[in-house]
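Residues per chain, in single letters:
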Amino acid sequence: QVQLVESGGGLVQAGGSLRLSCAASGSIFRINFMGWYRQAPGKQRELVAGITNSGRTNYADSVKGRFTISRDNAKNTVYLQMNSLKPEDTAVYYCNTSPLLTWGQGTQVTVSS
């Protein structure tokens, strides 16, 4: 079972940027789909960005044009570049695959207004 550990979260003012990392304990080369999810207070977890091994990406409408997902299979790491952050981006961010693995602790992103 591959394990995923998220990092890079923090406190940032609106308009700022953060780069999240998802480090896998094992190889992700054979995992086609990797995605970033988030759960804000009082809301359900949602998929915000996904990427396949072919490099195809998809984004939630709320983050399109501001977030960029990428992966480095050689480093077994998935990234999420977050620009022009808004207070509504405040959430715990998780990475996962499909089918879903057990959720980890995620990394907290807090955007102040």
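As a reminder, the structure under discussion sits directly above these lines.
Read on for a plain summary of the structure. Residue numbers here run from 1 along each chain, matching the order of that chain's written sequence. Reporting of local features is limited, given that this is a predicted model, to residues whose pLDDT is at least 70; pairs of side-chain atoms are given and counted only at 80 or more, and all residues count toward the totals for whole chains, interfaces and linings. Hydrogens and water molecules were not included; the side-chain quantities draw on all heavy atoms of the structure.

Using a 1.4 Å probe on the protein chains alone, a residue whose accessible area is under 20% of its type maximum counts as buried, one over 50% counts as exposed, and one in between counts as partly exposed. Put simply, DSSP marks the helices as runs of H or I at least four residues long and the strands as runs of E at least two long, and each gets a number from the N terminus on. What you see with strand β10 (residues 107-112) is a clean split: T107, V109 and V111 sit on the buried side and Q108, T110 and S112 on the side with no burial. When DSSP finds at least two bridges between two strands, those strands are taken to pair. By the bridge criterion, four bridges tie strand β2 (residues 10-13) to β10 in an arrangement that is parallel. By the bridge assignment, V12 is partnered in β10 with V111. For strand β9 (residues 91-97) and β10, the ladder comprises three bridges, and the chain directions are antiparallel. The partner of A91 across the bridge, within β10, is V109.

Another point: the sheet that holds strand β3 (residues 18-24). Across the sheet, which stays open at both edges, the four strands sit in the order β1-β3-β8-β7 with antiparallel pairing between neighbours. On the outer flanks of this sheet lie β1 (4-7) and β7 (67-72), each paired with one strand and no other. If you compare each strand with its neighbour and ignore which way they point, the axes differ by 15° on average. Note: β3 against strand β8 (residues 77-82), six bridges, orientation antiparallel. Opposite S21, over in β8, you have Y79 as the bridge partner. Structural elements are reduced to axes, namely lines fitted to C-alpha atoms, with helices fitted over the stretch in contact, and the angle between N-to-C directions of any two is expressed from 0 to 180 degrees.

Attention now goes to unusual backbone geometry. Look at the link from S98 to P99: it is a cis peptide, with omega at 0°. By the secondary structure assignment, P99 is in the loop between β9 and β10. Here the phi dihedral of N76 falls at roughly 55°; this positive angle occurs in a residue that is not glycine. Residue N76 is classed as buried on the basis of its relative accessible area of 19%.

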